[in-house]
Amino acid sequence: MIASLTSSRRAVLLVALAGSAAAFCACILWLRDPDMFHHLAMGRHIARHGLSPEEPFLYPLLGAAGGPPPYWLGSLAIYGWHALLGDGGLAFLPALAGAVLFGILFADCAPRGGRHGALTIAAALPPLVLAMESFRARATARPELFGTIFIALTALLVRRFEDGRARWLLAFPLLALLWTNVHPSVTAGLALVAILAASAALGGPPAKPRAAATAALVLAAASLATAATPCPANPVAVALRLAGTMFGIGGAAAGGGAAPDSYLPVRMLVAELAPARLESLRTAPGLLLCLTALSFLLRWRRARPREIASVAVFAVLASGGVRFAAVLAVVCAPIAARNLGEALSSIPERLGRVPLRAAAAVALALAGAVHPALATTPPQASFGTRPWPAAYPVRGADYLASIGFDGRLFNTFHFGGYLEWRGLPAYQDGRGTVPEGTLEASIIGPDDPKTFAALDARWGFDALVLQYRDLSGAPLESLVALKGEDDWIVGRDRWALVAFDDAGLLYLRRDGKYAERAARDEYRLAKPGNAGVQIKRSTFAALLAEYERSVREAPSCHRCRFLFATCALAGGMPAEAERMVAPALEDAPRFLPDLLLVAARAAEAQGKGARAAELYRRFLATGEDDPEARRGLARVSLAGGDADAVSLAAAARPDPMAEARQHFDRALASERAGDLEGSAASYAASLSIFEANPAAHSNLGYVLEKMGRLDEAVREQRRAALIDPDLAAAHYGLGSALAARGDRPGAAAAFRRYLALEPHGQWALKATQRLAELERP
């Protein structure tokens, strides 16, 4: 019976259409990619002014020769789509691409020399699902979208050529001619054809005398076609330089424009360029790579060297940068599907009374169908057709537009594309094109006050559009103790906060061109970039008024509502807190846990036990495990006579480590105040209660190093690393202390271990630089 399900072309077509429809729906996602608006701005500029030989957006480089970017046609296509369908339509371009991609991959999954049947569809389902999950993670309106489809199409052309249908591959030079102006990933297509040509030359399929010559001629024609571009730098050369520097070979232009030695800071500080780690094998592309390797083992006698080489090349590429994982998945999926289909067909049809082959097919199909439900999806990668609230500084851009801003603006690296689209003078965008010698300082920005002061002195910024700091992983009390009550984003002595929303903050210079605006519109008390709200009786009313103003100016800002509610609750106004967060409780995917918790506390304070219990339970259901929430749920449950109140109360017992944490926080505050002796004593007191705390050992090691007690610092960092071998901070601290003690080999080894654990971020960049100094002869 199972074979009859797909015995006709119509049935296969229905399966393909159903899969494409599912892919279309799955790829309708929040607009969240920071580069999307850069491509919209670039496409709009080209549509209005033609291909410009000069930099059109970034004011530090205005007029500099650079020529059109290698993705100019892709940007123009995205802008054209937006011109037709508007902002809402941008969510449907990746969805359409996902549907097309599924159709191409499904066609390529068909068995060699045959058509799809029930067994081959069952075998194809797990690889196809994993491939579409991998694509979904990067499904956003940028030229890479088209490149991914072209890679899948090239793989299909290569496969058809191997099956003896050479005419398909003859279309590749025309595809390359289009592709080279859409996105530099044309290099991946050339790589697939080059592997085919090499395989055919060595006697691989198709076993025909002219096959190798045909493949070589197609490759040569396609390579010539990539030169038909208005870009001064050949897209293939740009892609090869980028790939080369991922593995320490030569230099690269980040985005086609950075200085040759500037790729390292971009790679260290931009998440999508970070190298893959062992944990990546648990992601959809990693699982698909493992499944592909297993499929080769199952069919090792008939495994094609060309396919093995293709998977190996793209696996190496994906290991150098996680952004290439989706490309690896597109290459792997059809190969794994065909191998699994052949393996499935070789299983005995029956084992006694058990229909073995049919059972295996059903198991594979179920595995593919169930996996998406088991995979964890971050909120920003869920269904949505609007901009993700934390992706774009909408309120800051609105404010600047309202005052006719024409000064000099410094912006966080990835905000530049959105500012370009809004017609504002961006300092930098995702391309990494900044004045020579300033890339690291430009990316880090005010997080490093010394290097930023040099940038400010050079350019005289009138305004700053900045992202929030990542405060995850550190207890609120510790952060407050360490950082105090100053603005954690940038110093208020020179900069006035005038606007903010969920994405970022806008500051104006107090003594600059917009000084009058800064004085008039400043939020004098609000510090939305700080963790928590510091409430003082003398300023409570003024602070609450500022947070109410922020909601009025940005009604969709969930952070603003949370800050108001927290302030109101601390000031004894629970009804006002509940009123402010109520509209956001069903439409705040990023801030929902925080909003639920403050709403629960507000309901409890008003005596609404049932409502408070409901909100506490919703908060805990998000995966958060806050002791205060459990205690609150226990309180309202006990008051309401809940049968589970006793167990809830037991689960909400006070933390026995509270005293140790108090000493830990006191140590952070003492260190911040410059009292190193007091800090060391507090860390020691914390460790006397809870010795197995690696963070306390490591922090104590840093303090001891500052005091010049290097042997003790090394001891503490080694103890921290022994308790938690994956605590990256301990290995960095060990390297720093050993370097200060003169142990260059030991310090280098510690920094290497740190980079293995934390290959991405500002401290990874510093560790790389220190390692280079240690290894210098």
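Up top is the structure.
Computed from a predicted model, the values in this text were never measured in an experiment. (Residues numbered from 1 in each chain as written. Predicted model: local features only at pLDDT ≥ 70, side-chain atom pairs only at ≥ 80, totals over all residues. Heavy atoms only, no water.)

Participant: Outline empty space enclosed by the protein, listing residues and values.
Facilitator: Scanning all chains against the criterion turns up three cavities of 30 Å³ or more. In this structure, the largest cavity spans a volume of roughly 70 Å³. Contributions of two or more residues to the lining of the largest cavity are made by α6 (144-162), α13 (305-320) and α14 (325-345). Counting residues per element, the lining of the largest cavity draws most heavily on α14, at four residues. A breakdown of the residues in the lining of the largest cavity according to their chemical character gives five nonpolar, one polar and four charged. (1 Å grid on protein atoms, 1.4 Å probe; cavity = no way out; pocket = protein on both sides within 12 Å on 5 of 7 lines; lining within 4 Å. Points joined across faces, edges and corners; volume = space filled by probe spheres on them. Helix = DSSP H or I, 4+ residues; strand = E, 2+ residues; numbered from the N terminus. Nonpolar A, V, L, I, M, F, W, Y, C, P; charged D, E, K, R; others polar.)

Participant: Residues and numbers for the packing of aromatic side chains, please.
Facilitator: This model, assessed by the stated rule, comprises 23 aromatic pairs. For the ring pair Phe-410 and Tyr-427, a centre distance of 5.3 Å and an interplane angle of 40° mean the geometry is tilted. Taken together, the residues Phe-410 in strand β1 (residues 409-411) and Tyr-427 in the loop between α17 (416-421) and α18 (439-444) connect sequence positions 17 residues apart. With respect to class, Phe-410 is no different from Tyr-427; both count as buried. A ring pair is formed by Tyr-732 and Phe-751, whose centres lie 5.3 Å apart and whose planes are at 75°; its orientation type is edge-to-face. With Tyr-732 in helix α33 (residues 728-741) and Phe-751 in helix α34 (residues 744-757), this residue pair connects regions lying 19 residues apart in the sequence. (Phe/Tyr/Trp six-rings, centres within 6.5 Å; stacked < 30°, edge-to-face > 60°. Buried < 20%, exposed > 50% of the residue type's maximum accessible area, 1.4 Å probe, protein only.)

Participant: Provide a residue-level description of the state of the cysteines, including the pertinent values.
Facilitator: All chains considered together, the criterion is met by one disulfide. Each sulfur of the disulfide joining Cys-557 and Cys-560 lies 2.3 Å from the other. For the disulfide bridge between Cys-557 and Cys-560, the dihedral angle about the S-S bond is near 80°, and by the sign convention the bridge is right-handed. Exposure remark for Cys-560: the relative accessible area of 0% places this residue in the buried category. Left unpaired, Cys-290 is separated from the closest cysteine sulfur, that of Cys-332, by 9.8 Å. Take Cys-290: its relative accessible area is 39%, and that puts it in the partly exposed class. (Disulfide = S-S within 2.5 Å.)

Participant: Which residues make up the environment of Ile-689, and what are the values?
Facilitator: Summarising the element assignment, Ile-689 is placed in helix α30 (residues 676-689). For the pair Ile-689 and Arg-350, spaced 339 residues apart in sequence, the C-alpha separation works out to 64 Å. If sequence neighbours within four positions are ignored, Ile-689 has contacts with Glu-659, Ala-660 and His-663. (Contact = heavy atoms within 4.5 Å.)

Participant: Could you give me a rundown of the side chain of Asn-530, with the residues and numbers involved?
Facilitator: Mapping Asn-530 onto the fold places it in the loop between α21 (515-521) and α22 (540-553). With relative accessibility at 5%, the residue Asn-530 sits in the buried group. For Asn-530, the side chain forms a polar contact with the main-chain oxygen of Asp-486, separated by 2.9 Å. Polar side-chain contacts of Asn-530 include one of 2.9 Å to the backbone nitrogen of Trp-488. Apart from the residues lying within four places of it in its own chain, the contact partners of Asn-530 are Leu-471, Gly-484, Glu-485, Asp-486, Asp-487 and Trp-488. (Polar contact = N/O pair within 3.5 Å; in protein donor to acceptor, adjacent residues only side chain to side chain.)

Participant: So what's going on with the pairing of strand β2 (residues 463-467)? Residues and values would help.
Facilitator: For β2, the buried fraction is high: four of the five residues fall into the buried class. Across three bridges, the pairing between β1 and β2 is parallel. Of the residues in β2, the one forming a bridge with Phe-410 is Leu-464. Alignment of β2 against strand β4 (residues 504-509), held across five bridges, turns out to be antiparallel. Each residue of the ladder has a partner; that of Leu-464, found in β4, is Tyr-507. (Pairing = 2+ DSSP bridges.)

Participant: Break down the environment of Ala-565 for me, citing the residues and quoting the values.
Facilitator: Secondary-structure assignment places Ala-565 in helix α23 (residues 558-570). C-alpha of Ala-565 to C-alpha of Ala-577: the two residues are twelve residues apart in sequence and 4.0 Å apart in space. Contact partners of Ala-565, with chain neighbours within four places excluded, come to Ala-577, Val-581 and Val-598.

Participant: So what's going on with the sheet that holds β2? Residues and values would help.
Facilitator: Judged by pairing direction, the sheet is mixed, and its four strands sit side by side in the order β1-β2-β4-β3 without closing on themselves. If you trace the sheet from one side to the other, it starts and ends with β1 and β3 (495-500), each paired once. For this sheet, the mean angle separating the axes of adjacent strands, direction not counted, is 20°. (Axes fitted to C-alpha atoms, helices over the stretch in contact; angles between N-to-C directions.)

Participant: Explain the pattern of salt bridges residue by residue, including any values.
Facilitator: Going through the model one piece at a time under the given rule, you end up with 39 salt bridges. Across the pair Glu-307 and Arg-338 runs a salt bridge, and its minimum N-O distance is 2.8 Å. Within this pair, whereas Glu-307 is found in helix α13, its partner Arg-338 is found in helix α14, the two being separated by 31 residues in sequence. Judged by its relative accessible area of 0%, Glu-307 falls in the buried class. We classify Arg-338 as buried; its relative accessible area is 4%. A network of salt bridges, in which partner residues are shared, links Asp-108, Arg-159, Glu-162, Asp-163, Arg-165, Arg-304, Arg-306, Glu-307 and Arg-338. (Salt bridge = Lys/Arg side-chain N within 4 Å of Asp/Glu carboxyl O.)

Participant: Report on helix α35 (residues 762-775), specifying residues and quantitative values.
Facilitator: A turn of α-helix holds 3.6 residues, and therefore any two residues three or four places apart point the same way. For α35, which comprises 14 residues, the first-to-last C-alpha distance of 20 Å matches the rise-based estimate of 20 Å (1.5 Å per residue) to within 8%. Those residues of α35 that fall on the buried side of the exposure criterion are Ala-764, Leu-765, Ala-767, Thr-768, Leu-771 and Leu-774. (Expected span 1.5 Å × (residues − 1).)

Participant: Which residues make up helix α26 (residues 609-621), and what values do they have?
Facilitator: Here α26 is 13 residues long and its end C-alpha atoms lie 18 Å apart, about the 18 Å a rise of 1.5 Å per residue gives. For α26, the set of buried residues is Ala-612, Ala-613, Leu-615, Tyr-616, Phe-619 and Leu-620. Looking straight down α26, one finds its buried side chains confined to an arc of 165°; they lie on one side. In α26, the exposed residues that point more than 90 degrees away from the buried face are Ala-610 and Ala-621. Along its buried surface, α26 packs onto α25 (592-605) and α27 (627-639). Directly after α26, the chain includes Gly-623, whose backbone phi takes a positive value near 105°. (Arc of directions from axis to C-beta.)

Participant: Tell me what's going on with the packing of helix α12 (residues 284-298) against α13, and back it up with residues and numbers.
Facilitator: Two numbers describe a pair of packed helices, the interaxial angle and the distance between the axes. Viewed as axis vectors pointing N to C, α12 and α13 meet at an angle of 160°, and their least axial separation amounts to 12 Å. Classified by the angle their axes make, α12 and α13 are roughly antiparallel. Pair α12 / α13 crosses with left-handed handedness. Counting all contacts with α12, which are made through Leu-289, Thr-292 and Phe-296, the residues of α13 involved are Glu-307, Ile-308, Val-311 and Ala-315. Here the residues of the contact of α12 with α13 are counted per class, giving five nonpolar, one polar and one charged. (Parallel < 35°, antiparallel > 145°, perpendicular 65-115°, else oblique. Left-handed = near helix turned anticlockwise from the far one by under 90°.)

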